[in-house]
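Commentary on secondary and tertiary structure
Letter by letter, the chains look like this.
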2 protein chains.
Amino acid sequence: MARMALDELRQLAEAVLRHHGFIEDQLRAIAATLVAGQRDECAAHGLYRLLGIVATLKAGKVVPDAVPEVHDVAPAIVKVDARGGFSQLAFAVGLPLLEEKARRNGLAALAINRCVHFSALWIEIEALTARGLVALACNPTQAYVAPAGGRRPLFGTNPLAFGWPRAGREPFVFDFATSAVARGEIELHRRAGKPLPDGWGVDAQGEPSQDARTVLEEGALLTFGGHKGSALSAMIELLAGPLIGDLTSPESSAHDGGSGALPYHGELILALDPQRFLGPAVAEYQQRAEALFAGIQAQGARLPSQRRFEARARSDAQGVEVPDALLADVRALLNQPTSSSTRG
Amino acid sequence: MARMALDELRQLAEAVLRHHGFIEDQLRAIAATLVAGQRDECAAHGLYRLLGIVATLKAGKVVPDAVPEVHDVAPAIVKVDARGGFSQLAFAVGLPLLEEKARRNGLAALAINRCVHFSALWIEIEALTARGLVALACNPTQAYVAPAGGRRPLFGTNPLAFGWPRAGREPFVFDFATSAVARGEIELHRRAGKPLPDGWGVDAQGEPSQDARTVLEEGALLTFGGHKGSALSAMIELLAGPLIGDLTSPESSAHDGGSGALPYHGELILALDPQRFLGPAVAEYQQRAEALFAGIQAQGARLPSQRRFEARARSDAQGVEVPDALLADVRALLNQPTSSSTRG
């Protein structure tokens, strides 16, 4: 393991992205999320993603110099056309207008369209809770998951994230896939030759399967929580797909055409302003929410994201550990030919 | 079983409510939801509820002549103070302004405060999808459910409902409790002396319990879907409690003080207008949503609410069946002393 300061990590990520032709606004927004993922010990959203980002670029499936366009489509709706770039810069340029609309109206929506997406949603949720706003976010991905009672991939792993601001503390935040597990977990079971736990996937007949290869190649993943999780996943397809004029997970899979690039689709973020809902009573009701959190923790249960915030405190103080092999792979990207000649 | 026409059912429900002192606006709104529940063969939200309604009235825990007040608190927020009445009339009087705000701004919220609540949320969801709006609704209940990793009742059974309008068809609608099962299911297991399936509840130490009495009296119910369902349930507490200036489930339990009345708390409903999100592209993206629904049904999976809509078609054609014993209990309410003298 190599220990790195967060700033050192950021500089490395930015250097790799710059080398491969991302413009400054894009690469700063992307690198910030990679550092945040590594810092919070969410390795799957950390430095490791640079490998997929460069592969996606080489496949011609992301636009490295995209300049997102902000469209003010209704008093409580802002849409950002990412124009084929990654989602991060699109979120950043849409955030000020989302905040303004939420404060003016009480709630507002930000729809990001035509973006390539790999970011953890908690990063965006925390940008909103840091501004005192309650936030929800979701997006489709690609078709990996069968609906309850089905047997073929249709839904994405469709994450849902929520945040509640807490005065003087880390916010209450959750961010989970509506699939029973991440695809990567099933891949790890395949490599290790281990049987899958019940509830992770089905075979081509829709019967429960413990075989990772069968689930990945012939059947489908399942949602968490049976028909309820399946209903939630369908809701996310609709809200962050057709409602915002963007792709469902099967449409995103078709767009990808088997290239294995990071997925291209939209994202929906809602922001709600407690000040507008509560007026002068806001402090009283924030205290009532604190009583609920205390009631969770008093019985030995954790708040979601508690481990992540503990990791963050460690990383802020001591930097992060990066596996030597990953660091070597990432540094090797600096010596690869630039992707500008291969842009699609 | 007695077979009754829907109109006959409505007249009976209205007569009972009128006899017990509900004002006309209140009783019409309440009876309409009881008929809808019975019609869709959701017996737990049907005629049977009249028994709990009258018991709640006699306990002094609902105001039968409440006139809800509409407050236009922000461009995208309408609040309705139910003033201690049932939620149905409060929803009905808030609906026109919610619709207007959603159409003007793209999305809007209706917060119902200080209501007594027993209605299925799909009834309100369908009122919005019938107007071409996408809808979300949720509410706390009373403290029955432990957070994941905990062992004491804290969350309610906290329903979450969603609807998507479909041109010329029944809408896509789901409405589920975030508890693993309804409390009534556990009560039925207790009466039948049957062990509970895994995942329904825990004992006082937070260990899984198959004993219905232990779960109901010493431990707690669990949410569906483990820590993900628990996170969702917490979100509903926050959105439909402190955010709208109303009670969390433990606060609602404290308010009840063991009377066993129907619960008193708030409710949050969001409405989103596809026309404002999509403009002229709305028809194209409605077709893309239809392709998703077709992809669900083509693999033998059901859409949520499919059984309910089938029941509705049967009931519209043939009326409903009501158990004789229930009908006798309901008719007996017409011979009880009126509750006006016992009002709290």
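Note on numbering: residues in each chain are counted from 1, in written sequence order. Chain letters and ligand numbers both follow the written order, the letters beginning at A and the numbers at 1. Only residues with pLDDT of at least 70 are given local features in this predicted model, and only at 80 or more are side-chain atom pairs given and counted; all residues enter the totals for whole chains, interfaces and linings. Side-chain numbers here rest on the full set of heavy atoms in the structure, without hydrogens or water.

The name that an unreviewed UniProt entry assigns to chain A is Ureidoglycolate/malate/sulfolactate dehydrogenase family, with the source organism given as Cystobacter fuscus. UniProt positions are given in the numbering used here, feature names are shortened, and annotations may be inferred rather than shown by experiment. You can read under Sequence similarities (unreviewed entry) in the UniProt record for chain A the words "Belongs to the LDH2/MDH2 oxidoreductase family."

A separate point is the overall build of chain A. In DSSP terms, a helix is any run of H or I states spanning at least four residues, a strand is any run of E spanning at least two, and both are numbered starting from the N terminus. Helix and strand content of chain A: 13 helices and 11 strands. Computed over the C-alpha atoms, the radius of gyration of chain A is 20 Å, within 12% of the 20 Å expected from 2.2 N^0.38 for a compact globule of 344 residues. The criterion used for residue contact is that any of the two residues' heavy atoms lie within 4.5 Å. A separation of at least 24 residues holds for 67% of the contacts in chain A among residues at least 6 apart in sequence. Computed by Shrake-Rupley with a 1.4 Å probe, the accessible areas treat only the displayed protein chains as cover when residues are assessed. Approximately 12,700 Å² of chain A is accessible, and the part contributed by carbon and sulfur atoms is 51%. Within chain A, the 38 negative side-chain charges are centred at a point lying 1 Å from the centre of the 34 positive side-chain charges. When we talk radius of gyration, it's over C-alpha atoms, and the globule rule is simply 2.2 Å times the number of residues to the 0.38. Charge counting follows a simple rule: Lys and Arg are positive, Asp and Glu are negative, and His as well as the terminal groups are ignored. By convention, charge coordinates are those of NZ in Lys, CZ in Arg, CG in Asp, or CD in Glu.

A word on the interface of chain B and chain A. Facing the 70 residues of chain B at the interface are 70 residues of chain A. The term buried area denotes the loss of accessible surface (1.4 Å probe radius) that occurs when two parts are joined, taken as the sum for both partners. Approximately 5,600 Å² of surface area, both sides summed, lies buried where chain B meets chain A, with 75% of it carried by carbon and sulfur atoms. The largest share of the area that chain B buries against chain A comes from B:Lys228, B:Phe277 and B:Gln299, three residues that together contribute 14% of it. Salt bridges are defined by distance alone: a side-chain nitrogen of Lys or Arg within 4 Å of a carboxyl oxygen of Asp or Glu. For the interface between chain B and chain A, the tally reads two salt bridges. Here B:Arg288 and A:Glu251 are joined by a salt bridge, their closest N and O atoms 3.5 Å apart. By the criterion applied in these results, polar contacts are pairs of N or O atoms within 3.5 Å in which, for protein atoms, one can donate a hydrogen and the other can accept it, and in which residues neighboring in sequence qualify only through two side-chain atoms. For the pair chain B and chain A, the number of links is 16 residue pairs in polar contact (both at pLDDT 80 or more). A breakdown of the residues in the side of chain B that touches chain A according to their chemical character gives 48 nonpolar, 12 polar and 10 charged. Only Asp, Glu, Lys and Arg are considered charged, only Ala, Val, Leu, Ile, Met, Phe, Trp, Tyr, Cys and Pro nonpolar, and every remaining residue, Gly among them, polar.

Glancing now at helix H2 (residues 24–39) of chain A. All names here are of chain A. Here H2 is 16 residues long and its end C-alpha atoms lie 22 Å apart, about the 22 Å a rise of 1.5 Å per residue gives. Relative accessibility decides the category of a residue: with a 1.4 Å probe and only protein chains considered, values under 20% of the type maximum give buried, values over 50% give exposed, and everything between is partly exposed. Across the 16 residues that make up H2, a large majority, 12, are buried. Following H2 by one or two positions, glutamate 41 has its phi on the positive side, about 60 degrees. Here, expected helix span is obtained from the residue count minus one, scaled by 1.5 Å.

A separate point is the sheet that holds strand E3 (residues 77–81) of chain B. Residues and elements named next belong to chain B. Paired strands, as defined in this entry, are two strands with at least two bridges between them according to DSSP. Spatially, the seven strands line up as an open sheet ordered E2-E3-E4-E10-E5-E6-E7, and their pairing is mixed. Where the open sheet ends on each side, the last strands, each with one partner, are strand E2 (69–74) and strand E7 (172–177). In this sheet, neighbouring strand axes are inclined to one another by 15 degrees on average, regardless of whether the strands run parallel or antiparallel. Bridging between E3 and strand E4 (residues 107–116) involves five bridges; their strand directions are parallel. For lysine 79, the partnering residue across the bridge sits in E4 and is alanine 111. Throughout, an axis means a line fitted to C-alpha atoms (over the contacting stretch in the case of helices), and angles, computed between N-to-C directions, take values from 0 to 180 degrees.

On to the sheet that holds strand E10 (residues 264–272) of chain A, then. Residue and element names in this part refer to chain A. With respect to topology, seven strands assemble into an open sheet ordered E2-E3-E4-E10-E5-E6-E7, the strand pairing being mixed. In this open sheet, the two strands that pair with only one neighbour each are strand E2 (69–74) and strand E7 (172–177). Direction aside, the axes of adjacent strands within the sheet are offset by 15 degrees on average. Bridge count for E2 against strand E3 (residues 77–81) is five bridges, and the pairing is antiparallel.

Quick look at the relation of the copies chain B and chain A now. Superposing the copies works by least squares over the C-alpha atoms of residues that have pLDDT at least 70 in both of them. The two copies are related by a screw motion: chain B maps onto chain A through a turn of 180 degrees and a shift of 0.0 Å along the axis, at an RMSD of 0.0 Å. Taken together, the turn and the small shift mark the pair as related by a two-fold rotation axis. Closest approach to the rotation axis within chain B is made by the C-alpha atom of B:Gly225, at a distance of 2.1 Å. A shared binding surface is used by both copies, with 100% of the interface residues of chain B retained as interface residues in chain A.

Our next topic: the nonpolar core. Soluble globular proteins: nonpolar side chains tend toward being buried together. Joining through side-chain atoms within 4.5 Å is the link that ties buried Ala, Val, Leu, Ile, Met, Phe, Trp, Tyr and Cys residues into a set, and such a set is a nonpolar core. If you look at the biggest cluster of nonpolar residues, it comprises 160 residues, and the most contacted ones within it are A:Phe162, A:Phe277, B:Phe162 and B:Phe277. B:Phe162 has contacts with A:Met235, A:Leu238, A:Leu239, B:Ile125, B:Val134, B:Ala135, B:Leu136, B:Phe172, B:Val173 and B:Phe174, leaving out every residue within four places of it along the chain. B:Ala2, B:Met4, B:Leu17 and B:Phe118 belong to the second-largest nonpolar core, a separate cluster that totals 32 residues.

What follows covers unusual backbone geometry. Peptide bonds are mostly trans, and most non-glycine residues show a negative phi. The phi dihedral of A:Ser305 falls on the positive side, at around 75 degrees, and the residue is not glycine. Unusually for a residue other than glycine, B:Asn158 sits at a positive phi of about 30 degrees. With respect to the helices, strands and loops of the structure, B:Asn158 is situated in the loop between strand E5 (134–138) and strand E6 (159–164).

Here we come to the packing of aromatic side chains. Put simply, two rings from Phe, Tyr or Trp (the six-membered ring, in Trp's case) pair if the centres are within 6.5 Å, and we call them stacked under 30 degrees between planes, edge-to-face over 60, tilted for the rest. Summed over the entire model, instances satisfying the criterion amount to 15 aromatic pairs over all chains. For the ring pair A:Phe86 and A:Phe118, a centre distance of 5.2 Å and an interplane angle of 85 degrees mean the geometry is edge-to-face. A residue pair is termed long-range when its members are at least 10 positions apart, and A:Phe86 in the loop between E3 and helix H4 (87–105) and A:Phe118 in the loop between strand E4 (107–116) and helix H5 (121–129) qualify at 32 residues. In this structure A:Phe118 comes out as buried when scored by relative accessible area, which is 5%. Judged by centre distance (5.4 Å) and plane angle (70 degrees), the ring pair of A:Phe176 and A:Phe224 falls under edge-to-face. Of the two residues, A:Phe176 sits in strand E7 while A:Phe224 sits in the loop between strand E9 (220–221) and helix H8 (226–239), which places them 48 residues apart along the sequence. Since its relative accessible area comes to 6%, A:Phe224 is described here as buried. Connected via pairs of aromatic rings, a cluster forms that spans A:Phe162, A:Phe172, A:Phe174, A:Phe176, A:Phe224, A:Phe293, B:Phe162, B:Phe172, B:Phe174, B:Phe176, B:Phe224 and B:Phe293.

It is worth spelling out the pairing of E4(B) at this point. Residues and elements named next belong to chain B. E4 sits mainly inside the fold: nine of its 10 residues count as buried. Crossover handedness is defined by viewing with both strands directed away from the observer: a clockwise path from the first strand over the helix to the second marks the crossover as right-handed. Crossover handedness for the path E3 to helix H4 (residues 87–105) to E4: right-handed. Where E4 lies against strand E10 (residues 264–272), eight bridges are found, and the strand directions are antiparallel. Residue pairing for E10: cysteine 115 is matched across the bridge by histidine 265.

This part covers the domain arrangement of chain A. In many analyses, interface size is given as the accessible surface area lost on bringing the parts together. All names here are of chain A. Per the domain assignment, the segments making up chain A are domain 1 (1–58 + 305–344) and domain 2 (68–179 + 223–301). In this document the domain limits rely on a domain assignment from an automatic tool or a database. Centre-to-centre separation of domain 1 and domain 2, based on C-alpha positions: 23 Å. Each side of the interface is counted separately: domain 1 has 22 residues, and domain 2 has 18 residues. Summed over the shared surface of domain 1 and domain 2, the result is three salt bridges. One salt bridge connects glutamate 170 with arginine 312, and the closest N-O pair in it is separated by 3.9 Å. Those elements that place two or more of their residues in the side of domain 1 that touches domain 2 are H2, helix H3 (49–58) and helix H12 (306–318).

Turning our eyes to something else, we now look at the environment of B:Ala120. All names here are of chain B. When you line up the elements, alanine 120 lands in the loop between E4 and helix H5 (121–129). Using a relative accessible area of 4% as the deciding quantity, one classes alanine 120 as buried. Through-space distance from the C-alpha of alanine 120 to that of glutamate 267 is 12 Å; in sequence the pair is 147 residues apart. The contacts of alanine 120, once residues within four sequence positions are left out, are His45 and Asp175.

Residue and element names in this part refer to chain B. Summed over the entire model, instances satisfying the criterion amount to 58 salt bridges over all chains. Between arginine 190 and glutamate 217 there is a salt bridge; the shortest N-O distance is 2.6 Å. With arginine 190 in helix H6 (residues 183–192) and glutamate 217 in helix H7 (residues 212–217), the pair connects residues that are 27 residues apart, well separated along the chain. By relative accessible area, arginine 190 is classed as partly exposed at 31%.

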